[in-house]
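Descriptive analysis of the structure
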Amino acid sequence: MKELLQGQAGVRFGKLTDEQCAKIHEASCRLLERVGVEAGHQRAREILAQAGAKVTGERVRLSRDLIDWALAKSPSGFTLYGRGEEHSMPVEGTNVFYGNGSETPIMIDHRSGARRQGTLADVTEGIKLIDALPHIDFVMSFALPWDLDTGVVYLEQFKAMMANTTKPFAYVAPRLSDVEGMVAMMEAEAGGEEAHRARPRGLSYINVTHPLRHSQEDLEKLMFVAGKGIPLVYNPAVLRGASGPMTIPAALAVANAGELFGLVLAQLINEGTPVSLSGGTQDKLDMHSTIDVYSAPENRVAFAEMANWYDKAHWGLGGASDSKVVDEQAAAEAALSLTLESLAGSNLIHDVGYMESGLSNSLAQLVVCDEIIGWIKRFMQPLEVSDETLALDMIERVAPEGDYLLEDHTMNHLNDDWYPRVFDHRTFDKWTAAGGKTLSERAAVRVDELIRKHEIEPLADALSERLDEIIQEFKASE
Amino acid sequence: MAFDKLIELVQVGDGQQVAAEVQKQLDAGNSAPTILNDGLIAAMDIVGEKMESEEMFIPEVLRSAKAMEQGLAVMKDELALDDVQASGKVVIGTVKGDLHDIGKNLVSMLLSSAGFEVIDAGINVAPDAFVAKVEETGANFLAMSALLTTTMPMMKQTIAELEQRGLRDRVKVIIGGAPVNQGYADELGADGYASDAGAAIKLAKSLRA
Ligand code: B12
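Predicted model only: the values in this text are computed from it and were never measured. (Residues numbered from 1 in each chain as written. Chains lettered and ligands numbered in written order. Predicted model: local features only at pLDDT ≥ 70, side-chain atom pairs only at ≥ 80, totals over all residues. Heavy atoms only, no water.)

Right, let's get into the side chain of Glu305(A). Inspection of the secondary structure assignment puts Glu305(A) in helix H10 (residues 302–310). If we skip the residues at most four places from it in the chain, Glu305(A) touches Gly14(A), Lys15(A), Leu16(A) and Cys21(A). (Helix = DSSP H or I, 4+ residues; strand = E, 2+ residues; numbered from the N terminus. Contact = heavy atoms within 4.5 Å.)

Spelled out as structure tokens, the structure:
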């Protein structure tokens, strides 16, 4: 079990008891022992066989001993580092960090409201905004540019990320060569492989095709990243009722089995490789529309609880809406999921700002989410009960009839409270005088303000050139 | 109506009971084509409407289609099943470099429940592999799924490959998947695009007619 770190919120919401977590773990172990995983990578199978796994054809069955060994070897947390000295993120305990989502095929233009394909210029602008947003802690790629050749698109986009934010990354790509190129780029920035291992800039997000059937590509990425000994999450997808069972505990057991399989392989390749658990992409498949519903109440919390129970970092998801525009639904779904995932103690909450089932991204929605996260962070602060915060001496002096407006104590604590930037707490008259704008309109204005004002130190010329060379080295032929 | 019970059983999706009820209707002297048209097909029409209006979930629809097939099997001697079975033979797959298969599987299942013969080529299917499958099976439909922006060009390459092998006129090409849209289908010269499985069935049926 994860302990609350000193100075952290005592708030912790969950739905599973320890016994229930243990039962799900047992179920996963049984599945790995009896059903096993169809592993589409020969070297992976050989490594597992050498460690005592039972391999028949492509099927690999794991013993409990091996699973226990891997759980004991993998660290319970890790730290990601930004460019320079800023933004280090200890991903452990109940620390919660927030990140946007990656590579959507569509974006919603905050200026025109148009739903359109993004370009490299949009991505650059998007990353710059994310760098400026105070509550987005780590960065994913926003939209996938349509104005670049498919062979270099992931790498060029990654360069735009390196150039336009100093925050840590979560990086993801379909091809191994893209992942290799991204790691090479971060190593170039850090000053070599060793230096980057010591201060990894990002988390490699690897999606796994099926919970108990892992493709060559999935395993190849895992083995490459684990070989480097840098942080990763190996995330099997279960759309309940389609690629996995319909009930939440069963889906969780199956996805967890797939993740434990990845954890074992990662530790065999490189003992101590930091692996974050996710519980899988446990999205609800809407059985009418067939949409993968990112915002469903069924998706939340239990997965974070399993990671907490294992005392491992958790890769979570929140702030994603299935609305098509930045509207009331978008705000409500973002607020609900961000609140719950934060309360559950998920360490890395990604896909903040996603819309339309992960198909589009919106900078205005990101600004709304940033505001919601500010609210949540304030709420999550522990309440300190001390002489200073109880202030009995002062109350005895002022009470019963006095007022507190001019008290030093009031002055000293004015800045404790949270004040909104795009939520509106003004009088009706002031709001009307300022144009009577709705939340989404105000958010769009703030996007432009932030982008206009925000400056970031450009990459050194030598590094920028080196990154271009790496892009040429790793670009895909098709 | 004589077929009320049969229609109800198909909707509930109880294949065994559908088969038994079909047998009962045959024994009672109803002709197979009547049972088919006024019973089984009438039931599936209702199922189709209920899918549209979201009164039935997709898995329930798939079950009803399975139940209907079990009823059909009882009459296979009475009906020249080849005439009943649609004239659509579909090769379906996810394009090269792409491993997403949940949507492709749904389309494939709904197509077969709508009477198409479906040959699933799987995921990560290269253009020449698609074309070889079409050639080998004599399919008259090619259905391609792509979920990644970076794998969409594979659809174009596959169509080019079809043209090269002189097969383009023989097959209707339909495409789908999250980043794909009608504009892209037009650009490729595909015969159709659909945004979900229900629409995919309508599209395939309209192209078959
Ligand atoms: C589930 C999922 C996964 C699962 C896939 C599991 C599996 N076995 O399929 C996992 C987690 C493994 C995964 C992996 C990846 N994914 Co993915 N994934 C999704 C997600 C969330 C849902 C897809 C889904 O299954 N939806 C439910 C099904 C039922 O719907 P559907 O596929 O759209 O199909 C319907 C229609 O499109 C249509 N249809 C589909 N095919 C066809 C074909 C024809 C002929 C017709 C007519 C109609 C039709 O009918 C279907 C039924 O109604 C989408 C987001 C999204 N909303 O699409 C991202 C998404 C597609 N993935 C994405 C990415 C980037 C990846 C990865 C590269 C991430 C990574 N690096 O690990 C890998 C790619 C691996 C690879 N080489 O393919 C991106 C694509 C972005 C882009 N611009 O290209 C998306 C959009 C998410 C995002 N924004 O990041 N993914």
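More follows now that the structure is in view.
Let us look at the nonpolar core. With 106 residues, the main nonpolar core has Leu62(A), Phe158(A), Phe261(A) and Leu338(A) as its most contacted residues. Dropping the residues within four chain positions of it, Phe158(A) is found in contact with Phe169(A), Tyr171(A), Met182(A), Met185(A) and Met186(A). By size, the runner-up hydrophobic cluster in this structure holds 45 residues, among which are Leu6(B), Leu9(B), Met56(B) and Val107(B). (Core = buried A, V, L, I, M, F, W, Y, C linked by side-chain atoms within 4.5 Å. Buried < 20%, exposed > 50% of the residue type's maximum accessible area, 1.4 Å probe, protein only.)

What follows is about the sheet that holds strand S4 (residues 172–176) of chain B. The strands making up a sheet associate through backbone hydrogen bonding, with each pair oriented either parallel or antiparallel. Residue and element names in this part refer to chain B. What the five strands build is an open sheet, ordered S2-S1-S3-S4-S5; its pairing is parallel. Strands at the two margins of the open sheet, each flanked by one partner only, are strand S2 (117–120) and strand S5 (192–193). Packed onto the sheet, helix H8 (residues 153–164) meets strand S3 (141–145) and S4 and runs at close to 160° relative to S3. (Pairing = 2+ DSSP bridges. Axes fitted to C-alpha atoms, helices over the stretch in contact; angles between N-to-C directions.)

A word on the sheet that holds strand S19 (residues 360–362) of chain A. All names here are of chain A. The strand order across the open sheet formed by four strands is S8-S7-S19-S18, and the pairing between neighbours is mixed. Strands with a single pairing partner mark the edges of an open sheet, and in this sheet they are strand S8 (115–116) and strand S18 (354–355). Pairing between strand S7 (residues 106–108) and S19: three bridges, direction parallel. Residue Met107 lies in a different strand from S19, and its bridge partner there is Asn361.

So, on to the coordination of the cobalt atom of the ligand. Among all protein atoms, only His100(B) (NE2) binds the cobalt atom of the ligand, sitting 2.3 Å from it. Mapped onto the fold, His100(B) is located in the loop between strand S1 (89–94) and helix H6 (102–113). (Donors = N, O, S within 2.8 Å, 3.2 Å for Na, K, Ca; no water.)

Residues and elements named next belong to chain A. Helix length check: helix H8 (residues 216–228) (13 residues) gives 18 Å between terminal C-alpha atoms against 18 Å at 1.5 Å per residue, within 8%. Asp218, Leu219, Lys221, Leu222, Met223, Phe224, Val225, Ala226 and Lys228 are the residues of H8 that are buried. Two residues or fewer past H8, Gly229 is found with a positive phi of approximately 70°. (Expected span 1.5 Å × (residues − 1).)

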